[in-house]
Amino acid sequence: MLKQIIFISICVLFALVIESGAMKPIIIVHGGAGDISESRIQGKFDGVKVAVRAGYEKLMNGGSALDSVEAAVVSMELDENFNAGYGSVLNLNGEVEMEASIMWGQDLISGAVTLIKEFQHPISIARKVLTDTPHSFLGGNGAKLFALEKGFQQVPPESLISESAKEALNDFLNKGDDQRTEIGRKDEGGVGTVGAVAIDADGHIAVATSTGGINGKMVGRIGDTPLIGGGTYADDNVGGISTTDFFLGHGESILKYCLAHTIIKLMEGGLDADTATRQAVNGMTARLNNTAGAITLSKNGDVGIHFSSKRMAWAYVKNDKVYYGIEHDQTLEEPL
Ligand code: GLY
């Protein structure tokens, strides 16, 4: 009898050790901060939920955090509700010029691309920069040549342009500066930069962020999204962050404030994910008079979500539930 009790106790103890040692995978995504119109809300909700499930599926099938964030962002790069891939906002010449970054928190390696015009998935090219080059950042023609060398399929640049993006640029050209935002038109626009942060079963963190930039930007303008420390940051010892912005100054404000890295430093200093995200986003808004949003995961899987804009679409999967929202103080949930 005593032997049986000892044996059962050892089994229970062993199971508890295994359970506590394995990290439960988590993924969170955002679909852009801004003055998102009512008419765009359902499309945003649908898009972030599809994306977060695509990323979570990778994690459940043994994929790494890098596989997960890439899959989530690829999903939003196909969806015209977002300012990334198809549906990206346009520069002053009426062209799509996209940029993206991805980072792996185990050893702080990163890949980024900018001024991409002829490929559907900038995030996948950024991942190849991370895995297949000694560099961190490729732009313009060099990025194009690299993508072709790696077998990415070139698409006609016009095929990435949505009707909404064309209308947003026309509005900007007719109405002026107040329409120059990452979400395009304030009324019916509302697309928005996309991002994802994930922790896999091994406790590794990855972050991916992708954008078309801002509506009516100068040709060749580069924003915050491809910049490590601005749009994206991942460190297994601390956590991961993806950012998004809105209104005058746009990505330029995130870039000046190094928003993603500011959040990391606050967490390193002892703040939890939510407080650090709130403090950094509000700090940027107070200092630079522009709004932004960020999603954060700490290395322990705590979630931080904050935006100083009117709205920001987000979703995450934790403990087999999908949580999502777009308004301040809103958390909706549904079964996975
Ligand atoms: N994050 C979008 C931009 O301002 O480029």
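How each quantity is defined
Position labels on residues start from 1 in each chain and follow its written sequence. Selection of residues for local features in this predicted model requires a pLDDT of at least 70, selection of side-chain atom pairs for listing and counting requires 80 or more, and totals for whole chains, interfaces and linings are taken over all residues. Neither water nor hydrogens contribute to the side-chain values; these are computed over all heavy atoms in the structure. Per the convention used, a helix needs a DSSP run of H or I reaching at least four residues, while a strand needs a run of E reaching at least two, with both numbered from the N terminus. Contacts are assigned to residue pairs with any non-hydrogen atoms lying within 4.5 Å of each other. For the area figures, the Shrake-Rupley method with a 1.4 Å probe applies, and any residue is considered shielded solely by the protein chains shown. Only protein chains enter the area calculation, which uses a 1.4 Å probe; residues under 20% of their type maximum are buried, those over 50% are exposed, and those in between are partly exposed. In short, DSSP must find at least two bridges between two strands for them to pair. Classification of ring pairs uses Phe, Tyr and Trp, with its six-membered ring standing for Trp, and accepts pairs whose centres are within 6.5 Å; under 30 degrees between planes counts as stacked, over 60 as edge-to-face, and the remaining range as tilted. UniProt positions are given in the numbering used here, feature names are shortened, and annotations may be inferred rather than shown by experiment. By this rule the span expected of a helix is its residue count minus one, scaled by 1.5 Å. What the arc measures is the spread of directions leading from the helix axis to the C-beta atoms. Here an angle of 0 to 180 degrees is reported between the N-to-C directions of two axes, which are lines fitted to C-alpha atoms, with helices fitted over the stretch in contact. Reported orientations rely on four angle classes, namely roughly parallel under 35 degrees, roughly antiparallel over 145, roughly perpendicular from 65 to 115, and oblique for the rest. With the far helix as reference, a near helix turned anticlockwise by less than a right angle produces a left-handed crossing, and one turned clockwise produces a right-handed crossing. Gly is put with the polar residues, along with every residue not named as nonpolar or charged; the nonpolar set is Ala, Val, Leu, Ile, Met, Phe, Trp, Tyr, Cys and Pro, and the charged set is Asp, Glu, Lys and Arg.

Of the regular secondary structure elements, the chain holds nine helices and 13 strands. Considering only contacts within the chain whose residues lie at least 6 apart along the sequence, 68% involve residues at least 24 apart. For the chain, the accessible surface area stands at approximately 13600 Å², while carbon and sulfur atoms represent 54% of it.

Position of Asp302 among the secondary structure elements: in the loop between β9 (291-298) and β10 (303-307). Look at Asp302 and you get partly exposed, because its relative accessible area is 37%. A C-alpha to C-alpha distance of 9.1 Å links Asp302 and Gly239, two positions 63 residues apart in sequence. For Asp302, the contacting residues outside a window of four places in its chain are Ala273, Thr296, Leu297 and Lys318.

What follows concerns the pairing of strand β12 (residues 321-325). Burial analysis of β12 places four of its five residues in the buried class, the great majority of the element. Following strand β11 (residues 311-318), the chain reverses through two residues before pairing antiparallel with β12; Asn319 in that reversal takes a positive phi of roughly 50 degrees. When β12 meets strand β13 (residues 332-335), the two strands line up antiparallel, connected through four bridges. Paired with Tyr323 across the strands is Glu333, a residue of β13.

Tallying each qualifying case throughout the model produces three aromatic pairs. Taking 5.0 Å as the distance between ring centres and 80 degrees as the angle between the ring planes, the aromatic pair formed by Phe45 and Tyr324 counts as edge-to-face. With Phe45 in helix α2 (residues 38-60) and Tyr324 in strand β12, the pair connects residues that are 279 residues apart, well separated along the chain. Each of the two residues, Phe45 as well as Tyr324, counts as buried. Ring centres of Trp314 and Tyr316 lie 5.8 Å apart, and the angle between their planes is 20 degrees; on these two criteria the pair is classed as stacked.

Another point: the UniProt feature "active site" (unreviewed entry) in the chain. When the UniProt feature table is mapped onto this chain, "active site" (unreviewed entry) is found at Thr193. Counting through the fold element by element, Thr193 comes out in the loop between α6 (163-175) and β5 (194-199). What makes Thr193 buried here is its relative accessible area of 1%.

Relative to the 18 Å expected for 13 residues at 1.5 Å per residue, α6 spans 18 Å between its end C-alpha atoms, a close match to the ideal helical length. Those residues of α6 not exposed but buried are Ser164, Ala165, Ala168, Leu169, Asp171 and Phe172. All buried residues of α6 fall inside an arc of 160 degrees around its axis, so they share one side. In this structure, the buried side of α6 is in contact with α2.

Packed helices, taken two at a time, are described by the angle between their axes plus the distance between the axes. Contact geometry of α2 with helix α3 (residues 65-77) gives a least axis separation of 7 Å together with a crossing angle of 155 degrees. The pairing of α2 with α3 is recorded here as roughly antiparallel in orientation. Here α2 and α3 pass one another in a crossing that is right-handed. Counting all contacts with α2, which are made through Gly47, Val48, Val50, Ala51, Ala54, Gly55, Tyr56, Lys58 and Leu59, the residues of α3 involved are Ala65, Asp67, Ser68, Ala71, Ala72, Ser75 and Met76. In terms of residue class, the contact of α2 with α3 is built from 10 nonpolar, four polar and two charged.

Across the sheet, which stays open at both edges, the nine strands sit in the order β4-β3-β2-β6-β5-β1-β11-β12-β13 with mixed pairing between neighbours. Looking at which strands have only one partner, the edges of the open sheet turn out to be β4 (137-139) and β13. Between one strand and the next, the sheet's axes are offset by a mean angle of 10 degrees, whatever the strand orientation. Pairing of strand β3 (residues 109-116) with β4, which is carried by three bridges, proceeds in the parallel orientation. When the sheet's bridge partners are listed, Ala112 is paired in β4 with Phe137. Along the sheet, α2 contacts β1 (26-34), β5, β11, β12 and β13; its crossing angle with β1, the most-contacted strand, is approximately 155 degrees. The strands that α3 touches are β1, β2 (98-104), β5 and β6 (205-211); relative to β5, the one it contacts most, it runs at about 160 degrees.

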